[in-house]
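Coordinate analysis (summary)
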Amino acid sequence: MEAKIISSVQNSLVKKILLLKDKSRERRKTGLFVAEGQRELELASKGGYNFETLLYCPEILPQLDSHLISKNGNAEIVQISKQVYEKVAYRETTEGILAIGKAKKHSLEDIRFTTKTPLVLVAEAPEKPGNVGALLRTADAAAVDAVLIANPKSDPYNPNIIRSSVGCVFTNQIGIGSTTEIIDFLKKYHIRINCAALTASKNYVECDFTGATALVVGTEATGLSQDWLHNSDQNIIIPMQGEIDSMNVSVSAAILIFEAKRQRGF
């Protein structure tokens, strides 16, 4: 397939990519996002994403993977100079490839469970994109059934979320809504709500996570809102033996998730 060639950083497509990377408002308005890196694009393809434009730098990547091209048969193929690539790439080690893709809606109504005992991770108002990415990476590693984000501070296609999740934003089943909407969703499916909290809590290793389970984590600064605590079936805690009373939210979530997986026999 003959590729279009772009060598100027002033090109309109280059400006479009920069807007999509830098402005969440532009991503929401267009329904598009930018992803970069061979692994990330491969995971996006596996996750059912379609790309409208595939861009690569021949000085770094001599040719595009034929499988990626065939899976995105209608995509425009664009060669870019190294100068342009360095302008649009979010990080230096992404193998000379990036793409413009169509975002998913991540509606709670689109969440589907294939088991009667789903394991769900819920994060309320995560503030740092890096933490969101780490949560998604852990969720993928444990093959949780869904990740639900309540009152998000960043959209899931923030470049730092894509980067820190190592593309796992594309492989997880993600639902986004308000705290009230997600609580109602969990109750609709009879999923037991286990809230990570400091008060009225039970040691996490003493809890049963073998049934339909939601593990709910809040921010490190303020924890979970009262709405979650009022609707919690069980508050759970990871005992601390040092001077601090909390850990990074992604670390805490990983501990809880893999305890649930251990109980389920992995």
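Please refer to the structure placed before this passage.
This section reports on the structure supplied with the text. It should be emphasised that the depicted structure is a prediction, and the values quoted were computed from it without experimental measurement.

**Here's the deal with the packing of aromatic side chains**
Inspection of every chain in the model, using the stated rule, returns eight aromatic pairs. When the ring of Phe-113 is compared with that of Phe-185, the centres are 6.1 Å apart and the planes differ by 50 degrees; the resulting orientation is tilted. Highlighted residues: Phe-113 in the loop between β5 (97-102) and β6 (119-124) and Phe-185 in helix α8 (residues 179-188), separated in sequence by 72 residues. Taken as a pair, Phe-113 and Phe-185 share a single burial class, namely buried. Ring centres 4.9 Å apart and planes at 50 degrees place the aromatic pair Phe-185 and Tyr-189 in the tilted group. A relative accessible area of 7% places Phe-185 in the buried class. In this structure an aromatic cluster arises from ring pairing among Phe-33, Tyr-49, Tyr-157 and Phe-170.

**Some thoughts on the sheet that holds strand β4 (residues 76-80)**
Spatial strand order, β1-β4-β3-β5-β2: five strands in an open sheet with mixed pairing. Two strands bound the open sheet, and with one partner strand each, they are β1 (4-6) and β2 (32-36). The sheet shows a mean angle of 25 degrees between the axes of neighbouring strands, taken without regard to direction. Summarising the sheet, β1 and β4 pair through three bridges and their orientation is parallel. Of the residues in β4, the one forming a bridge with Ile-6 is Ile-80. Its contacts with the sheet place helix α3 (residues 38-46) against β2, β3 (51-56) and β5, and it is angled at close to 30 degrees to β5.

**Focus on the pairing of strand β8 (residues 174-177)**
Bridge count for strand β7 (residues 146-150) against β8 is four bridges, and the pairing is parallel. By the bridge assignment, Val-147 is partnered in β8 with Ile-174. For the segment spanning β7, helix α7 (residues 159-164) and β8, crossover handedness is right-handed.

**Digging into unusual backbone geometry**
At His-106, a residue that is not glycine, the phi angle is positive and equals roughly 60 degrees. Residue placement: His-106 occurs in the loop between β5 and β6. Among the residues examined, His-106 registers a relative accessible area of 8% and is labelled buried.

**Considerations on helix α1 (residues 12-22)**
The complete set of buried residues in α1 reads Leu-13, Val-14, Ile-17, Leu-18, Leu-20 and Lys-21. On an axial view of α1, the arc spanned by its buried residues comes to 165 degrees, and they lie on one face. In α1, the exposed positions that point more than 90 degrees away from the buried face belong to Ser-12 and Asp-22. The N-cap residue of α1 is Asn-11: its side-chain oxygen and the backbone nitrogen of Leu-13 are 2.7 Å apart.

**Details of the pattern of salt bridges**
Tallying each qualifying case throughout the model produces five salt bridges. The partner of Asp-155 in a salt bridge is Arg-27, with the nearest N and O atoms 2.7 Å apart. Note that Asp-155 is positioned in the loop between β7 and α7 and Arg-27 in helix α2 (residues 24-30), a separation of 128 residues in sequence.

Cut-offs applied
- Throughout, a residue's number is its position along its own chain's written sequence, starting from 1.
- Only residues with pLDDT of at least 70 get local features here, since the model is predicted, and only at 80 or more are side-chain atom pairs given and counted; chain-wide, interface and lining totals rely on the full set of residues.
- Heavy atoms throughout the structure, all of them, feed into the side-chain values; hydrogens and water do not.
- Pairing of aromatic rings covers Phe, Tyr and Trp, the last counted by its six-membered ring, and requires centre-to-centre distances within 6.5 Å; plane angles under 30 degrees mean stacked, over 60 mean edge-to-face, and any other angle means tilted.
- Runs of E in the DSSP output that reach at least two residues are strands. Runs of H or I that reach at least four are helices, and both are numbered from the N terminus.
- Remark: exposure states derive from per-residue accessible area (1.4 Å probe, protein chains only) relative to the maximum for the residue type, with buried under 20%, exposed over 50%, and partly exposed in between.
- Each pair of strands is called paired provided DSSP finds at least two bridges between the two strands.
- What counts as an axis is a line fitted to C-alpha atoms, over the stretch in contact for a helix, and the angles between N-to-C directions run from 0 to 180 degrees.
- Contact criterion: two residues are considered in contact whenever any of their non-hydrogen atoms come within 4.5 Å of each other.
- Looking down the strands as they point away from you, a crossover is right-handed if its path from the first strand over the helix to the second goes clockwise.
- Each direction from the helix axis to a C-beta atom contributes to the arc, which is the arc of those directions.
- Polar contact is defined as a pair of N or O atoms within 3.5 Å, subject to the rule that within protein one atom must be able to donate a hydrogen and the other to accept it, and that residues adjacent in sequence are counted only when both atoms are side-chain atoms.
- When a carboxyl oxygen of Asp or Glu lies within 4 Å of a side-chain nitrogen of Lys or Arg, that pair is called a salt bridge.

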